[in-house]
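So you can see what is in the structure, the chains are spelled out below.
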Amino acid sequence: MPDNQRNKQPGAEGQVTADELIAALRAERYRVQLERPNTFPTEQNWQYIISRSMDSIAPQLYKKYLLSWLTDKALRTDFHRMAMKYFPEYLRAIDRRVALSAVYGDIRSCPEATLHIIDECRLFDASYLQEILEDDNAETDPAPFVADCLSAFQPDYTDSDLQNMRGLYRALTSLAPVGSVHENRGIFGREQRYVCPAGHSNPGDTEFCLTCGVNKYGFNEKQAASIEELKQRIKLLERLLAKR
């Protein structure tokens, strides 16, 4: 794809350069093409898209990335592999707010891929995660996914980010139990049994289900530890930001 390398500076206020218009037209053309299920960017397309920080097609490119993850490794083409290679680079090139909106806009299609990109591109965002956690319309419990995101970072932190992290921690530690402890009458008297969210019965003093490994809030050991680590991060950020 030919490209005039000159005069790439943004136009002055109230002015649009020819290069900006050409890039916008090309982005719109890409957007239409990318709506087709089997259409993927070529390597040259990816390089142009990244160099121009074309954030208007972030949702469409994210779909290609997710589809590539969902495709069996033995069936992946060069186009799938390029999507997995270049999409993280693309996210780092565009406005972070646009990247967050695209990625957090679909956390269901392939959670493994979403978690990977959040970690790789430092897309942790407490505000988005709390919104996901408190979504009453979620088809499945979002809490484990949110906990899995806690090990990721963001590029930098402000007092506002710290406040959002406090809110997320409060929300995570205020969840109602989805497992329960019951008292049963047995041959040798009464005994307590912990019934995990999946319905597995365990001895009453069990914290994490012996069958599926989750506690009464639906978290496995790694997720529960991540919540405690979030608390530690908050404390450290409080100290670091106080010195700024």
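What you see is a predicted model, and the numbers here were worked out from it, not measured in a lab.

About the cut-offs
- Residues numbered from 1 in each chain as written.
- Predicted model: local features only at pLDDT ≥ 70, side-chain atom pairs only at ≥ 80, totals over all residues.
- Heavy atoms only, no water.
- Helix = DSSP H or I, 4+ residues; strand = E, 2+ residues; numbered from the N terminus.
- Rg over C-alpha atoms; globule rule 2.2 N^0.38 Å.
- Buried < 20%, exposed > 50% of the residue type's maximum accessible area, 1.4 Å probe, protein only.
- Areas by Shrake-Rupley, 256 points an atom, 1.4 Å probe, with all protein chains shown as cover.
- Lys, Arg positive; Asp, Glu negative; His and termini not counted.
- Charge placed at Lys NZ, Arg CZ, Asp CG, Glu CD.
- Core = buried A, V, L, I, M, F, W, Y, C linked by side-chain atoms within 4.5 Å.
- Contact = heavy atoms within 4.5 Å.
- Polar contact = N/O pair within 3.5 Å; in protein donor to acceptor, adjacent residues only side chain to side chain.
- Axes fitted to C-alpha atoms, helices over the stretch in contact; angles between N-to-C directions.
- Parallel < 35°, antiparallel > 145°, perpendicular 65-115°, else oblique.
- Left-handed = near helix turned anticlockwise from the far one by under 90°.
- Nonpolar A, V, L, I, M, F, W, Y, C, P; charged D, E, K, R; others polar.

K.L.:
Would you mind showing me how to read the overall build of the chain here?
P.N.:
Of the regular secondary structure elements, the chain holds 10 helices and 3 strands. Taking 18 Å as the expected radius of gyration for a compact globule of 244 residues, we find that the chain reaches 23 Å, considerably beyond that expectation. With the C-alpha coordinates of the chain rotated into their principal frame, the extents come out at 85 × 50 × 25 Å. Here the chain holds 244 residues, and 39% of them are scored as buried. Carbon and sulfur atoms form 49% of the exposed surface of the chain, whose accessible area is close to 14,600 Å². Distance between charge centres in the chain, computed from 31 positive and 35 negative side chains, equals 3 Å.

K.L.:
I keep staring at the nonpolar core and nothing clicks. Help me out?
P.N.:
Soluble globular proteins tend to pack their nonpolar side chains together in the buried interior. Judged by nonpolar contacts, the single largest core of 62 residues is most densely connected at Trp 46, Phe 87, Tyr 90, Leu 91, Ile 118, Leu 168 and Leu 172. Excluding anything up to four places from it in sequence, Trp 46 contacts Pro 41, Leu 61, Met 82, Ala 83, Tyr 86, Phe 87 and Tyr 90.

K.L.:
Teacher, can you tell me more about the side chain of Gln 223 here?
P.N.:
With respect to the helices and strands, Gln 223 occurs in helix H10 (residues 221–242). For Gln 223, the side chain forms a polar contact with the main-chain oxygen of Pro 144, separated by 3.4 Å. Residue contacts for Gln 223: discarding those within four places in its chain leaves Pro 144, Ala 147, Asp 148 and Gly 218.

K.L.:
Could you clarify how one ought to interpret the packing of helix H1 (residues 18–34) against helix H2 (residues 43–51) in this entry?
P.N.:
The relative placement of two packed helices is expressed as an angle between their axes plus a distance between the axes. For the pair H1 and H2, the least separation of the axes is 11 Å and the interaxial angle reads 130 degrees. Comparing their axes, H2 and H1 come out oblique. Both H1 and H2 take part in a crossing whose hand is left-handed. Facing Ala 23, Arg 26 and Tyr 30 of H1, the residues of H2 in contact are Asn 45, Tyr 48 and Ile 49. Of the residues contributing to the contact of H1 with H2, the split by class is 4 nonpolar, 1 polar and 1 charged.

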